[in-house]
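Fold and geometry: a report
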There are 2 protein chains.
Amino acid sequence: MTAPAHPNRPRRSDATRAAILRAARERFAADGYERATIRAIAADARIDPSMVMRYYGSKEGLFAAAAEFDLRLPDLTAVPPGQFGEVLIRHFLARWEGDETLAALLRAASTNPGAAERMRGLFADQLVAAVSTFGTDPATTARRAGLVASQVLGLAFTRYIVRLPPMVDVDPEELVSWVAPTLQRYLTGLPEN
Amino acid sequence: MTAPAHPNRPRRSDATRAAILRAARERFAADGYERATIRAIAADARIDPSMVMRYYGSKEGLFAAAAEFDLRLPDLTAVPPGQFGEVLIRHFLARWEGDETLAALLRAASTNPGAAERMRGLFADQLVAAVSTFGTDPATTARRAGLVASQVLGLAFTRYIVRLPPMVDVDPEELVSWVAPTLQRYLTGLPEN
DNA sequence: ACCGTAGGCCAACAACTGTTGACACACAAC
DNA sequence: GTTGTGTGTCAACAGTTGTTGGCCTACGGT
């Protein structure tokens, strides 16, 4: 057990824990869940593999800690309704480039049931919530959020995972100008227009 | 060596080869590349694991054979320019539901470099080729094809891999009516309209 | 009827995996 | 200084993986 008498006193091992988490995110993002071995992660963090087990219990526990993620979606009630799409795609691009946690989660979700479940939860708890803040028909909210997810995740998949050359090379600003109208229509438009 | 004297004579083992391939596609589609073990595939095909090695050389060779895929994209020169988007999304949906090979390739591409390379090739050889048949500026062809791929693969990812409930439950016809305009704009429109 | 060979199974290998327990050191409290 | 606890290493475990070679069987051409 690692339960100090004074619960909030900084532990001497905090640096090690952080190093493990950083290495884990890198490896999970680069290799996916099953190819990212505990031994490799421990080597990156320059500690013994058994430390990973002591601090995170198991490989699944480590992944759960490493894939903790907050989309930090902006409050759409403070955004002009005509700019929902642009604000969202800009936010996603920035969030994605700056933090490899989402890439790790995306890669792992393809093959690991637990990671897929976590991805569904992230979608249901955060994206659906953000979409439902402004007044659309509640009956269509989930579907609109799903469509947004399909375009945003597809963008991430082609750009960061499979790395299709045209999607890797394209200027982010041009990406925004192409994708923003798509998200805008998914959020506020009607089908078949 | 399995080189018969009369090269095109049907081999007695053709049924076994086909059974292996079918089981391999199922397992790769359901579990991804690393979780799909040769032993499990062989058990599904009711043969010994060593047979897989004899007929396909290695796990990578088996995957290469199982992930052989032709998108069978329609000839867009025979389609009214205003219906490119609708024709494409209908075709993709049908192709996806009827054959799990693409799901196998998609899942594997997340974690296996070879599968990702194959996905890039499929994109470059087949989708870019189809897009360039009609007269858009050649300089933008690859980008337009990339955007189409991002939406189509994102749809597949959310619907068949992660299985986001709203994307799984949505009626295919409604999916068409939402996504067709997106693809249409990626193919023939201008950004920021 | 004979015999080469393709089809198939079995057992084992070496490498790698997540995971565990025993042991050594260092620091802080008393 | 002693003691206890948190931090870290080492070696080994049991299971699984891709892969290999030997052996038996049964078909098909002659």
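Quick notes on the rules
Residues numbered from 1 in each chain as written. Chains lettered and ligands numbered in written order. Predicted model: local features only at pLDDT ≥ 70, side-chain atom pairs only at ≥ 80, totals over all residues. Heavy atoms only, no water. Near = heavy atom within 4 Å. Polar contact = N/O pair within 3.5 Å; in protein donor to acceptor, adjacent residues only side chain to side chain. Helix = DSSP H or I, 4+ residues; strand = E, 2+ residues; numbered from the N terminus. Contact = heavy atoms within 4.5 Å. Buried area = accessible area lost by both parts, 1.4 Å probe. Salt bridge = Lys/Arg side-chain N within 4 Å of Asp/Glu carboxyl O. Nonpolar A, V, L, I, M, F, W, Y, C, P; charged D, E, K, R; others polar. Domains from an automatic or database assignment. Core = buried A, V, L, I, M, F, W, Y, C linked by side-chain atoms within 4.5 Å. Buried < 20%, exposed > 50% of the residue type's maximum accessible area, 1.4 Å probe, protein only. Least-squares fit on C-alpha atoms with pLDDT ≥ 70 in both.

Examining the protein's contact with DNA strand C
- Around DNA strand C sit 20 residues, and of these A:T37, A:R39, A:K59, B:D48 and B:R54 come closest.
- For DNA strand C, the backbone makes up 48% of the atoms found within 4 Å of the protein, where backbone means sugar plus phosphate.
- B:R54 is positioned such that a nitrogen or oxygen atom in its side chain is 2.8 Å from a base nitrogen of DNA strand C.
- Separating a phosphate oxygen of DNA strand C from a side-chain N or O atom of B:Y55 is a distance of 3.3 Å.
- Secondary structure elements with two or more residues in the surface near DNA strand C: α2 (38-44) and α3 (49-56) of chain A together with α3 (49-56) of chain B.
- Ranked by residue count, the leading element in the surface near DNA strand C is α3(B), at four residues.

Concerning the environment of A:L155
- One can find A:L155 in helix α8 (residues 138-161).
- Ignoring anything within four residues of it in the chain, the contact list for A:L155 reads A:I89, A:L93, A:M167, A:L175 and B:S150.

Considering the protein's contact with DNA strand D
- Taken together, 22 residues lie around DNA strand D, and A:D48, A:R54, B:T37, B:R39 and B:K59 are the ones closest in.
- Atoms of DNA strand D within 4 Å of the protein: sugar and phosphate make up 52%, bases the balance.
- A:R39 places a side-chain nitrogen or oxygen 3.5 Å from a base nitrogen of DNA strand D.
- Contributing elements (two or more residues each) for the surface near DNA strand D: α3 of chain A together with α2 (38-44) and α3 of chain B.

Details of the interface of chain A and chain B
- The interface is formed by 51 residues belonging to chain A together with 51 residues belonging to chain B.
- Carbon and sulfur atoms make up 66% of the surface buried where chain A meets chain B, a total of about 4,200 Å² over both sides.
- Across the chain A-chain B interface, the total number found is four salt bridges.
- Between B:R143 and A:E174 there is a salt bridge; the shortest N-O distance is 2.7 Å.
- The tally of links from chain A across to chain B stands at 19 residue pairs in polar contact (both at pLDDT 80 or more).
- Of all the secondary-structure elements, those providing two or more residues to the side of chain A that touches chain B are α6 (101-109), α7 (113-131), α8, α9 (165-169) and α10 (172-188) of chain A.
- Counting residues per element, the side of chain A that touches chain B draws most heavily on α8(A), which supplies 14 residues.
- Considered class by class, the residues forming the side of chain A that touches chain B number 27 nonpolar, 13 polar and 11 charged.

Focus: the domain arrangement of chain A
Residues and elements named next belong to chain A.
- Looking at the assigned domains, one finds that chain A contains domain 1 (14-66) and domain 2 (76-188).
- For domain 1 versus domain 2, the distance between C-alpha centres works out to 27 Å.
- Every contact between the two is made by 12 residues of domain 1 and, on the other side, 11 residues of domain 2.
- Taken together, both faces of the contact between domain 1 and domain 2 bury some 930 Å²; the carbon and sulfur share is 58%.
- Interface area lost by domain 1 to domain 2 is led by R25, A29 and F63, which between them contribute 46%.
- For the interface between domain 1 and domain 2, the tally reads zero salt bridges.
- Counting across the interface, domain 1 meets domain 2 through three residue pairs in polar contact (both at pLDDT 80 or more).
- Those elements giving two or more residues to the side of domain 1 that touches domain 2 turn out to be α1 (14-31) and α4 (59-66).
- Top element by residues in the side of domain 1 that touches domain 2 is α1. It accounts for six residues.
- In terms of residue class, the side of domain 1 that touches domain 2 is made up of seven nonpolar, one polar and four charged.

Concerning the nonpolar core
- Membership of the largest hydrophobic core comes to 140 residues, with the highest contact counts inside it found for A:F28, A:W96, B:F28 and B:W96.
- For A:F28, the contacting residues outside a window of four places in its chain are A:Y33, A:A36, A:I41, A:K59, A:L62, A:F63, A:A66, A:A104 and A:R107.

Overview of the pattern of salt bridges
Residues and elements named next belong to chain A.
- Counted according to the given criterion, the structure contains 16 salt bridges over all chains.
- A salt bridge links D44 to R27, with the shortest nitrogen-to-oxygen separation between them at 2.8 Å. With a gap of 17 residues between them, D44 in helix α2 and R27 in helix α1 connect regions that are remote in the sequence.
- Its relative accessible area of 27% is what places R27 among the partly exposed residues.
- Salt bridges sharing partners connect three or more residues here, namely R27, D31 and D44.

Quick notes on the relation of the copies chain A and chain B
- Each copy of the sequence occupies a distinct position, and chain A is placed on chain B by a rotation of 180° and an axial shift of 0.0 Å, giving an RMSD of 0.1 Å. The relationship between the two copies is best expressed as a two-fold rotation axis. No C-alpha of chain A approaches the rotation axis more nearly than that of A:G154, which lies at 1.7 Å.

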